[in-house]
Amino acid sequence: MGAQLLILESDWLAGQLKVLWQILLYLLPVVPVTIELTLLSFGLAILLGIFVGIARISHHPLIEKSSKAYVDILRGVPLLVQIFFIYFGLGKVLHLSSFVAGVLAIGIGYSAYLAETVRGGIQSIPKGQYEAALSLGMTRAQMMRYIILPQSLRLVVPPMANDFIACLKDTSLVSVIGMRELTRAGREFYSQYFVDFQTWLVVGLLYLALTLGLSRLVVWMERKFKVHGLGEKST
Amino acid sequence: MIIEISNLVKRFGKHTVLDGVSLSVEPGEVLVIFGPSGSGKSTLLRCINGLEGANGGKIVVDGIGLDHNKEHIRQVRAECGMVFQQFNLFPHLSVLENICLPQRAVRKRNPEEAQAVAKKLLERVGLLEKKDAFPAQLSGGQQQRVAIARALAMNPKIMLFDEPTSALDPEMIGEVLDVMKKLAKEGMTMLVVTHEMGFAREVAKRLIFLEQGKIVEEGRPEEILICPKSKRTAEFLGRVL
């Protein structure tokens, strides 16, 4: 009896492993789509974020106020709603594909978080750096481009990395507008074969592998871009 | 006159920091400004190159009036090299780049030209061998000498020194003062806020004692240091000498 149960159990285990393997094979080809979505939308978020982050500290009241409104609105509305809004609203007018709409929605949504990160980085640069640049006769634009931004962008690599990982996970939201990325593919598999727990386990593990890999990359980048004495308050 | 200041007033909120300061500086003159903290010495220097906007009075530097015109302010800044208490080198740039970048950005020099100027100046302040180091790898005294070289690279007509040795360990003060003395002997117009009275006695043509935003006394170093006319000056000198 005992021996029979053991055989049954090992059969069951082998069967389960085979199922998981099948799911993995089904999902792996879709992983690049998720990576592509993440890179494009985060790239857009960085560009917009730097722009809005600088606008946030502008002395011009209209620029400062409108950039604050931009950040407040985007951070105050769920990303899922923003995705619907862009896909069904803007997307229907401009005939955007679900991919483009997804990249736009996530990119714009995350730019609000990045703008705050960039603003924090800029504001943590000591006043003396501004004064040194100005006293040498630089224009404000030159000062930002050569002195302030290069330093603050290095300082914001770690907080930006958090945003990046969050962004990767949030690409799963675009599955709701029919974009076939990792989560969507998982749902497909599930509705074809009705294995729920196993499917979502593999989907979860794939996201985990991606985010852990990214964290490693970030640690490496931090080391590479580290500048002596940067971020420490000069005394 | 290379600098002409008349009736300069600067307020921070309700607090009046400079209360009607008038001052003229001749080309090649070395002027030492001293006084208790909060007397407005630093603010005076910072008004001259437009880091602080004045609330009243007039400043003319090398024939350019400091008004609200940004271009004028920039022209004045390019003529006034400024050295700060905290050095304010750019930490993300090497020593050489600290000196080259502003030349390229402001003076529009090409990279070779800028490098040649930078190397010559680094040699002058005795730090050529540190050209590839980053600021954080240098001692305070070395950083300040690089900062002086960086300011000189813009070929300023005037150098403003805002307590250049106050943040330094005692053994490093000498090396910075030596560079400044050399500069003074070469005929640079210098305005120096400092409490280094030895330096003042040796190189200053004129001393100014500032208190509560007003010039209390001014004169040649031997007059002021030995027999000050004002009681306040005497008291202050008694404490710092």
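Above: the structure in question.
None of these values were measured; they are calculated from a predicted model.

## So, the side chain of B:Thr43
Residues and elements named next belong to chain B.
Reasoning step 1: As for its position among the elements, Thr43 is in helix 1 (residues 41-48).
Reasoning step 2: In this structure Thr43 comes out as buried when scored by relative accessible area, which is 10%.
Reasoning step 3: If near-sequence neighbours (up to four positions away) are discounted, Thr43 is found in contact with Lys10, Phe12, Val17 and Leu18.

## Some words on the sheet that holds strand 3 (residues 30-34) of chain B
Residue and element names in this part refer to chain B.
Reasoning step 1: Reading across from one edge, 6-7-8-3-9-10 is the order of the six strands in this open sheet, with mixed pairing throughout. The open sheet terminates on both sides in strands that have one partner only, identified here as strand 6 (80-83) and strand 10 (214-219). Each strand axis lies, on average, 15° off the axis of its neighbour in the sheet, ignoring direction.
Reasoning step 2: On top of the sheet, helix 6 (residues 170-185) reaches strand 3, strand 7 (158-162) and strand 8 (189-193); it is set at about 145° to strand 8, its chief contact.
Reasoning step 3: In this fold helix 9 (residues 231-240) packs onto strand 3, strand 9 (206-211) and strand 10, with an angle of close to 100° to the strand it touches most, strand 9.

## Looking at the interface of chain A and chain B
Reasoning step 1: Contact residues are listed per partner, giving 23 residues for chain A and 26 residues for chain B.
Reasoning step 2: In total, chain A and chain B occlude about 2,100 Å² of area from one another, counting both sides; carbon and sulfur atoms represent 64% of this.
Reasoning step 3: Put simply, chain A and chain B have one salt bridge between them.
Reasoning step 4: The salt bridge partner of A:Glu131 is B:Arg46, with a shortest N-O separation of 2.6 Å.
Reasoning step 5: Viewed at the interface, chain B and chain A are joined by seven residue pairs in polar contact (both at pLDDT 80 or more).
Reasoning step 6: Listing elements by their share of the side of chain A that touches chain B, those giving two or more residues are helix 6 (127-135) and helix 7 (140-155) of chain A.
Reasoning step 7: In terms of residues, the side of chain A that touches chain B owes the most to one element, helix 6 of chain A, which gives eight residues.
Reasoning step 8: For the side of chain A that touches chain B, the residue count by class is ten nonpolar, ten polar and three charged.

## What to know about the sheet that holds strand 2 (residues 15-25) of chain B
All names here are of chain B.
Reasoning step 1: If you trace the four strands from one edge of the open sheet to the other, you get 2-1-4-5, paired in antiparallel fashion. Edge positions in the open sheet fall to strand 2 and strand 5 (64-65), since each of these has one partner strand only.
Reasoning step 2: Both strand 1 (residues 3-12) and strand 2 contribute to a ladder of eight bridges, which runs antiparallel. Pairing of Leu8 across the sheet is with Val21, part of strand 2.
Reasoning step 3: Of the strands in this sheet, strand 1, strand 2 and strand 4 (56-61) touch helix 1, which is tilted by about 120° from strand 1.

## Some remarks on the environment of A:Glu131
Reasoning step 1: Positionally, A:Glu131 belongs in helix 6.
Reasoning step 2: Each C-alpha atom of the pair A:Glu131 and A:Val219 lies 32 Å from the other, and the pair is 88 residues apart in sequence.
Reasoning step 3: Contacts of A:Glu131, omitting those with residues within four sequence positions, involve B:Arg46, B:Leu51 and B:Phe84.
Reasoning step 4: Within the structure, the side chain of A:Glu131 is placed 2.6 Å from the side chain of B:Arg46, a separation counted as a polar contact.

## Looking at the packing of aromatic side chains
Residue and element names in this part refer to chain A.
Reasoning step 1: Per the counting criterion, the structure on display carries ten aromatic pairs over all chains.
Reasoning step 2: Considering the side-chain rings of Tyr110 and Tyr113, the 5.7 Å spacing of their centres and the 45° angle between planes classify their relative orientation as tilted. Residue Tyr110 and its partner Tyr113 are located together in helix 5 (residues 98-123), separated by three residues, close to a single helical turn.
Reasoning step 3: Given the relative accessible area of 35%, Tyr113 is considered partly exposed.
Reasoning step 4: An aromatic cluster is built from Tyr26, Phe189 and Tyr193, whose rings are joined through pairwise contacts.
Reasoning step 5: The ring of Tyr87 has Lys92 lying over it, and the distance from NZ or CZ to the ring centre is 4.6 Å.

About the criteria used
Residues numbered from 1 in each chain as written. Chains lettered and ligands numbered in written order. Predicted model: local features only at pLDDT ≥ 70, side-chain atom pairs only at ≥ 80, totals over all residues. Heavy atoms only, no water. Helix = DSSP H or I, 4+ residues; strand = E, 2+ residues; numbered from the N terminus. Buried < 20%, exposed > 50% of the residue type's maximum accessible area, 1.4 Å probe, protein only. Contact = heavy atoms within 4.5 Å. Pairing = 2+ DSSP bridges. Axes fitted to C-alpha atoms, helices over the stretch in contact; angles between N-to-C directions. Buried area = accessible area lost by both parts, 1.4 Å probe. Salt bridge = Lys/Arg side-chain N within 4 Å of Asp/Glu carboxyl O. Polar contact = N/O pair within 3.5 Å; in protein donor to acceptor, adjacent residues only side chain to side chain. Nonpolar A, V, L, I, M, F, W, Y, C, P; charged D, E, K, R; others polar. Phe/Tyr/Trp six-rings, centres within 6.5 Å; stacked < 30°, edge-to-face > 60°. Lys NZ or Arg CZ within 6 Å of the ring centre and 35° of its normal.

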